[in-house]
Amino acid sequence: MAELYPLLRDSHYWISRGALAAGLVLLALAVFIGLIRHGDATPTFRRGVYLMVAGMVVEALIGLVMLAMGGRPHEDVHLIYGAGAVLALPFFIFVERTATKRPAMGSYIWGFALMSAIVLRAIMTGSAG
């Protein structure tokens, strides 16, 4: 079990960086679709959003497994940021899906901006070295 920890740590590290990059790309795409093109969320864009949520859940589960194995982040507030990153997008997905006024891309713009900021802050409070 101890030999699994380094793999989890490295996976957690790289998935977090990938999540930040993907969040910023999807933020830029949401700005383009919503503010420049004045369009609505396409099915392909929504699939990307759902994939991002799934990735954040996987990232959080890896972190929880590492915590259960005795690992600790540099700052304990990292756990709260991890939970915030997982919960940020589902709220804005709900807002967008239930909005009566279309296009409702503003929800995704806010969601990805918030999620990216939380992920960045979680990265800053994570690894001790």
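If you're wondering where the values come from, they're calculated on a predicted model, not measured in any experiment.

Secondary structure summary: the protein contains four helices and zero strands in total. Shown N-terminal to C-terminal, the secondary structure of the protein runs as helices and strands in the order α-α-α-α. Principal axes of the C-alpha set define a box for the protein whose edges measure 50 × 20 × 20 Å. Looking at the protein as a whole, 36% of its 129 residues are labelled buried. Long-range pairs, those at least 24 residues apart, make up 84% of the contacts in the protein between residues at least 6 apart in sequence. As presented, the protein carries roughly 7,500 Å² of accessible surface, and 73% of it is formed by carbon and sulfur atoms.

Turning our eyes to something else, we now look at the packing of aromatic side chains. Each aromatic ring pair is described using two quantities: the centre-to-centre distance and the angle formed by the ring planes. Under the counting rule described, the total for this entry stands at four aromatic pairs. Consider the rings of Phe45 and Tyr108, whose centres lie 5.3 Å apart with planes at 70°: the pair is edge-to-face. A residue pair is termed long-range when its members are at least 10 positions apart, and Phe45 in helix α2 (residues 43-68) and Tyr108 in helix α4 (residues 106-125) qualify at 63 residues. Residues Phe45 and Tyr108 agree in their burial class; the two are buried. Summarising the aromatic geometry, the rings of Phe45 and Phe112 are spaced 6.3 Å apart at their centres and angled 75° between planes, so their arrangement reads as edge-to-face. Placement of Phe45 in helix α2 and of Phe112 in helix α4 is noted, with a sequence separation of 67 residues between them. With respect to burial, Phe45 and Phe112 carry one shared label: buried. Members of the aromatic cluster, each reached through a chain of ring pairs, are Phe45, Tyr108 and Phe112.

With respect to the secondary-structure elements, Leu26 resides in helix α1 (residues 4-36). The class for Leu26 is buried, based on a relative accessible area of 12%. Other than its neighbours up to four places away in sequence, Leu26 contacts Phe45, Gly48, Met52 and Phe112.

What follows concerns α4. The terminal C-alpha atoms of α4 lie 29 Å apart, and with 20 residues this matches the ideal 28 Å at 1.5 Å per residue to within 8%. Inspection of α4 places Ser107, Tyr108, Ile109, Gly111, Phe112, Met115, Ser116, Ile118, Val119, Ala122 and Thr125 among the buried residues, and these make up the whole buried set.

This paragraph deals with the environment of Tyr81. Inspection of the secondary structure puts Tyr81 in helix α3 (residues 77-98). Sequence spacing of Tyr81 and Val119 is 38 residues, and the spatial spacing of their C-alpha atoms is 7.2 Å.

Further remarks concern the packing of α3 against α4. Look at α3 against α4: their axes get within 9 Å of each other, and the N-to-C directions meet at 170°. Between α3 and α4, the angle falls in the class roughly antiparallel. From α3, Val77, His78, Tyr81, Gly84, Ala85, Ala88, Leu89, Phe92, Ile93, Val95 and Glu96 reach across to α4, where they touch Ser107, Tyr108, Trp110, Gly111, Phe112, Leu114, Met115, Ile118, Val119, Arg121, Ala122 and Thr125. For the contact of α3 with α4, the residue count by class is 16 nonpolar, five polar and two charged.

Calculation rules
- Residues numbered from 1 in each chain as written.
- Predicted model: local features only at pLDDT ≥ 70, side-chain atom pairs only at ≥ 80, totals over all residues.
- Heavy atoms only, no water.
- Helix = DSSP H or I, 4+ residues; strand = E, 2+ residues; numbered from the N terminus.
- Buried < 20%, exposed > 50% of the residue type's maximum accessible area, 1.4 Å probe, protein only.
- Contact = heavy atoms within 4.5 Å.
- Areas by Shrake-Rupley, 256 points an atom, 1.4 Å probe, with all protein chains shown as cover.
- Phe/Tyr/Trp six-rings, centres within 6.5 Å; stacked < 30°, edge-to-face > 60°.
- Expected span 1.5 Å × (residues − 1).
- Axes fitted to C-alpha atoms, helices over the stretch in contact; angles between N-to-C directions.
- Parallel < 35°, antiparallel > 145°, perpendicular 65-115°, else oblique.
- Nonpolar A, V, L, I, M, F, W, Y, C, P; charged D, E, K, R; others polar.

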